[in-house]
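A closer look at the structure
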Amino acid sequence: MPKITTSSKKKTSTKTSKVSAKPRQGGKVAPRPAPAASAGPAREKHAAKPAAAAPIRGKSPAHPAPVEVLPPRQSVEEALAALPYREGQFVVHPKYGLGQIERILERRLTTHTVPCVEISFSYQGMRLTIPVDQVERSGLRRPIGRREIDGIFKVLKGRATFDAKRRSAKRVVDYRKRLGQGDPTSLAEAVRDLGRLSLKKSLSYEERKILTTALRILSREVALARGREPDDVRQEIERIVYR
């Protein structure tokens, strides 16, 4: 048999060698070319502005604080002479109703002492202190006399001016404004209108509250002018309104 000879060929593998950027020992690196100068003129560099100094904490400002000017101190005698009311006199407050001035005293406020009026409301068991210079702004007034009583009852007997189709919230705003005015005619109008309205429809909570307050203030004021008991006057007013 003939011999079969196999020839083995050696596979040659080619490896790519990476060229190192580093020069060998003894080799020289070619110098990099200098960048070409720009054709245009060179721009001037702006000088940097110095940074502002940070404010130092804890130090007071350069300008001193304004000096508070206190109002001139008014003595109790001077306040009593300027006040249109006297101790022991009855007055009417637009919110609390009939009260009596007990005394004029001095009260210490934030920066100074001011004379004040102390009013007691015996039926509520409370006291109210008002500075003398705020008495006129508070709505304080004198009670009605006998001459004004006929006009009050004329208003109570008159025709009501309420609008039953109007929203309750708008009526509350209107009658609350009348109650804040504090004059007896506005009180009589509120008692008459809300009392007649309650005969046709149910009143809201705020409307009932306004009616109760106006009736209480008005009845006590009329009772003082007539020299009668407040409950008797209140029942008389209710008979007129709810007829």
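Reference entry: report on the structure contained in this document. (Residues numbered from 1 in each chain as written. Predicted model: local features only at pLDDT ≥ 70, side-chain atom pairs only at ≥ 80, totals over all residues. Heavy atoms only, no water.)

Turning our attention to the sheet that holds strand 4 (residues 126–131). Taken together, the four strands give an open sheet; going across it, the order is 1-2-3-4, and neighbouring strands pair in antiparallel fashion. A strand with exactly one partner marks an edge of an open sheet, and here the two such strands are strand 1 (90–93) and strand 4. Each adjacent strand pair in this sheet contributes to an overall mean axis angle of 45°, direction not counted. Sheet topology places strand 1 next to strand 2 (residues 97–108); four bridges connect them, and they run antiparallel. Of the residues in strand 2, the one forming a bridge with His93 is Gly97. Sheet contacts for helix 5 (residues 205–226): strand 1 and strand 2; angle to strand 1, the most-contacted strand, approximately 160°. (Pairing = 2+ DSSP bridges. Helix = DSSP H or I, 4+ residues; strand = E, 2+ residues; numbered from the N terminus. Axes fitted to C-alpha atoms, helices over the stretch in contact; angles between N-to-C directions. Contact = heavy atoms within 4.5 Å.)

Here the focus is the packing of helix 5 against helix 6 (residues 230–241). Two quantities define a packed helix pair, namely the angle between the helix axes and the distance between the axes. Where helix 5 meets helix 6, the axes come as close as 8 Å, and the angle between the chain directions of the two elements is 120°. Taken as a pair, helix 5 and helix 6 cross one another with a handedness that is right-handed. Within the contact between the two elements, helix 5 uses Leu215, Leu218, Ser219, Arg220, Val222, Ala223 and Arg226 and helix 6 uses Pro230, Val233, Arg234, Glu236, Ile237 and Glu238. In terms of residue class, the contact of helix 5 with helix 6 is built from seven nonpolar, one polar and five charged. (Left-handed = near helix turned anticlockwise from the far one by under 90°. Nonpolar A, V, L, I, M, F, W, Y, C, P; charged D, E, K, R; others polar.)

To continue, consider the side chain of Arg196. The residue Arg196 is located in helix 4 (residues 184–198) in this model. The side chain of Arg196 is buried and forms no salt bridge, while Asp193, the nearest opposite charge, is found at 6.5 Å. Polar contacts involving the side chain of Arg196 include one to the main-chain carbonyl oxygen of Leu156, which spans 3.2 Å. If near-sequence neighbours (up to four positions away) are discounted, Arg196 is found in contact with Leu156, Lys157, Gly158, Arg159, Ala160, Phe162, Ile240, Val241 and Arg243. (Buried < 20%, exposed > 50% of the residue type's maximum accessible area, 1.4 Å probe, protein only. Lys, Arg positive; Asp, Glu negative; His and termini not counted. Salt bridge = Lys/Arg side-chain N within 4 Å of Asp/Glu carboxyl O. Polar contact = N/O pair within 3.5 Å; in protein donor to acceptor, adjacent residues only side chain to side chain.)

Below, the discussion takes up the environment of Arg220. Its place among the elements puts Arg220 in helix 5. Using a relative accessible area of 21% as the deciding quantity, one classes Arg220 as partly exposed. Taking C-alpha positions, Arg220 is 9.8 Å from Asp232, a pair spaced 12 residues apart along the chain. In contact with Arg220, not counting residues within four places along its chain, are Leu98, Ser122, Tyr123 and Pro230.

Next up on the list: the packing of helix 2 (residues 146–157) against helix 5. Put simply, helix 2 and helix 5 touch, their axes get as near as 10 Å, and they point 140° apart. In terms of their interaxial angle, helix 2 and helix 5 are classed as oblique. Between helix 2 and helix 5 lies a crossing of left-handed hand. Across from Arg146, Ile149, Ile152, Phe153 and Leu156 in helix 2, the residues of helix 5 making contact are Leu218, Val222, Ala225 and Arg226. Looking at side-chain class alone, the contact of helix 2 with helix 5 contains seven nonpolar, no polar and two charged residues. (Parallel < 35°, antiparallel > 145°, perpendicular 65-115°, else oblique.)

A separate point is the packing of aromatic side chains. According to the stated counting rule, one finds one aromatic pair in the structure shown. With a centroid separation of 5.6 Å and an interplanar angle of 50°, the aromatic rings of Tyr96 and Phe121 are classed as tilted. You can see Tyr96 sitting in the loop between strand 1 and strand 2 and its partner Phe121 sitting in strand 3 (residues 113–121), a full 25 residues away along the chain. Judged by relative accessible area, which is 1%, Phe121 ranks as buried. (Phe/Tyr/Trp six-rings, centres within 6.5 Å; stacked < 30°, edge-to-face > 60°.)

What follows covers the pattern of salt bridges. All told, the structure shown has 15 salt bridges when counted by the stated rule. Ionic pairing is found between Arg176 and Glu206, a salt bridge with its closest N-O pair at 2.9 Å. Highlighted residues: Arg176 in helix 3 (residues 168–181) and Glu206 in helix 5, separated in sequence by 30 residues. A relative accessible area of 44% places Arg176 in the partly exposed class. Judged by its relative accessible area of 30%, Glu206 is partly exposed. Where salt bridges share partners, they join Arg166, Asp174, Arg178, Glu189, Arg192 and Asp193 into one cluster.

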